Amino acid sequence: MNKELIRVEDLRKYFSIKMGFMKYNYVQAVEDANFSIRKGETLGLVGESGCGKTTLGRTILRLHEPTSGKIFYDGEDITHVKMLPYRRKMQIIFQDPSASLDPRMTVGEIVGEAIDIHKLAGSKKERTERIQQLLTQVGLNSEHSNRYPHEFSGGQQQRIGIARALAVEPEFIVCDEPVSALDVSIQSQIVNMLEDMQKDMGLTYLFIAHDLSVVRHISNRIGVMYLGNMVELAESNELHKNPLHPYTKTLMSAVPVPDPAKSRARKRIILEGDIPSPMNPPSGCRFHTRCPYAIPRCKEEVPVWRELATDHFAACHIL
Ligand code: SF4
């Protein structure tokens with residue numbers, strides 16, 4: 001699992017917002033991201049809502065065009081290439097399955113559409129068999145292919161979304177909060193299914209979530225984002241045992257611990273204030289307005305992203 005499938009270098013995504021006549025402002029959604037995702041691994045991405053995780057995932061897929069920086073896929077620079085050949089290899093599973101499925105299409109048409117675009121079936125019979133096989137693979141049955149999305153539960157709709165992503169036999173999938181909109185009882189079924197699929201097909205995932213416990217369960221490594229910046233990245237157990245960045249420590253302190261004695265002994269870190277606007281982010285370290293350890297330098301200088309231990313990266317002046 002050491003070969004890189006995805007690499008991003010200084011990747012940045014800003015959105016321009018019209019503020020009035022000839023006046024624009026910029027939302028700094030992703031700033032200077034530098035990391036890689038290895039073949040066959042799951043890289044978890046966590047952070048509060050609006051921290052840029054979804055934008056980062058979509059920019060890697062070129063569903064958003066990057067403002068600057070580079071994206072590599074299996075060693076190829078794909079920052080400016082035509083994406084159709086890569087669309088087959090790089091897929092996405094969306095957060096809200098009901099919104100991501102066209103209500104006017106049957107399940108068979110939804111799953112079959114991707115097969116048609118990429119010409120993956122030689123005949124109508126082969127196409128039908130492939131759709132049925134995909135539905136079975138995600139725990140639905142072949143009769144479901146003539147039904148419409150509204151006839152299914154949220155968990156089943158997400159299974160349809162997964163079948164659609166699998167239809168093109170991808171190598172890399174951005175799982176964009178795939179279980180956040182589902183009942184807790186269904187969440188583990190979907191996560192387990194994603195894990196089984198990964199083992200069977202050698203898939204590579206970028207798994208985006210705001211719930212650290214879900215991310216820990218599925219991820220080999222975890223990246224933590226705050227206000228458009230990745231602040232820490234480490235192997236999953238290492239990050240849980242030894243979080244270094246003050247923001248990661250805050251997130252970790254909020255994760256429920258099953259052992260009541262350990263839970264009582266642990267001190268929850270509460271952050272002061274709200275997350276600042278990405279249209280007008282704080283100077284220096286973006287976290288300085290809320291960081292309990294901030295020093296004067298934090299307001300002036302952007303901390304450098306460094307490897308502080310083997311495969312453990314963070315950006316903070318006091319580390
Ligand atoms: Fe806190 Fe300063 Fe580190 Fe930022 S650089 S996390 S403000 S100590």
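All of the points below concern the structure found in this document. (Residues numbered from 1 in each chain as written. Predicted model: local features only at pLDDT ≥ 70, side-chain atom pairs only at ≥ 80, totals over all residues. Heavy atoms only, no water.)

### Quick word on the nonpolar core
- In terms of nonpolar packing, the biggest core is built from 55 residues, with Val111, Ile162, Leu166, Leu194, Met197, Phe207 and Tyr247 touching the most fellow members.
- Leu5, Leu45, Ile78 and Ile208 belong to the second largest nonpolar core, which has 28 residues in total. (Core = buried A, V, L, I, M, F, W, Y, C linked by side-chain atoms within 4.5 Å. Buried < 20%, exposed > 50% of the residue type's maximum accessible area, 1.4 Å probe, protein only.)

### A short note on the site of the ligand
- Inspection of the region around the ligand gives His245, Pro246, Cys285, Phe287, His288, Cys291, Tyr293, Ala294, Cys298, Cys316, His317 and Ile318 as its neighbouring residues.
- Looking at the shell around the ligand residue by residue, the class counts come to nine nonpolar, three polar and no charged. (Near = heavy atom within 4 Å. Nonpolar A, V, L, I, M, F, W, Y, C, P; charged D, E, K, R; others polar.)

### Here's the deal with the packing of helix α6 (residues 154–166) against helix α7 (residues 184–201)
- At a closest axis distance of 10 Å, the pairing of α6 and α7 adopts a crossing angle of 15°. Judged by the inter-axis angle, α6 sits roughly parallel to α7. The handedness of the crossing between α6 and α7 is right-handed. Residues Gly155, Gln158, Arg159, Ile162 and Leu166 of α6 lie in contact with α7, whose contacting residues are Ile186, Gln189, Ile190, Met193, Leu194, Met197 and Met201. (Axes fitted to C-alpha atoms, helices over the stretch in contact; angles between N-to-C directions. Helix = DSSP H or I, 4+ residues; strand = E, 2+ residues; numbered from the N terminus. Parallel < 35°, antiparallel > 145°, perpendicular 65-115°, else oblique. Left-handed = near helix turned anticlockwise from the far one by under 90°. Contact = heavy atoms within 4.5 Å.)

### Describing the sheet that holds strand β1 (residues 4–20)
- In spatial order, the strands read β2-β1-β4-β5; together these four strands make up an open sheet with antiparallel pairing. The open sheet has two edge strands with one neighbour each: β2 (23–38) and β5 (76–77).
- Bridge analysis of strand β4 (residues 68–73) against β5 gives two bridges, and the strand direction is antiparallel. Bridge pairing in β5 places Tyr73 opposite Glu76.
- Across the sheet, helix α1 (residues 53–60) lies against β1, β2 and β4, angled at about 115° from β1, the strand it touches most. (Pairing = 2+ DSSP bridges.)

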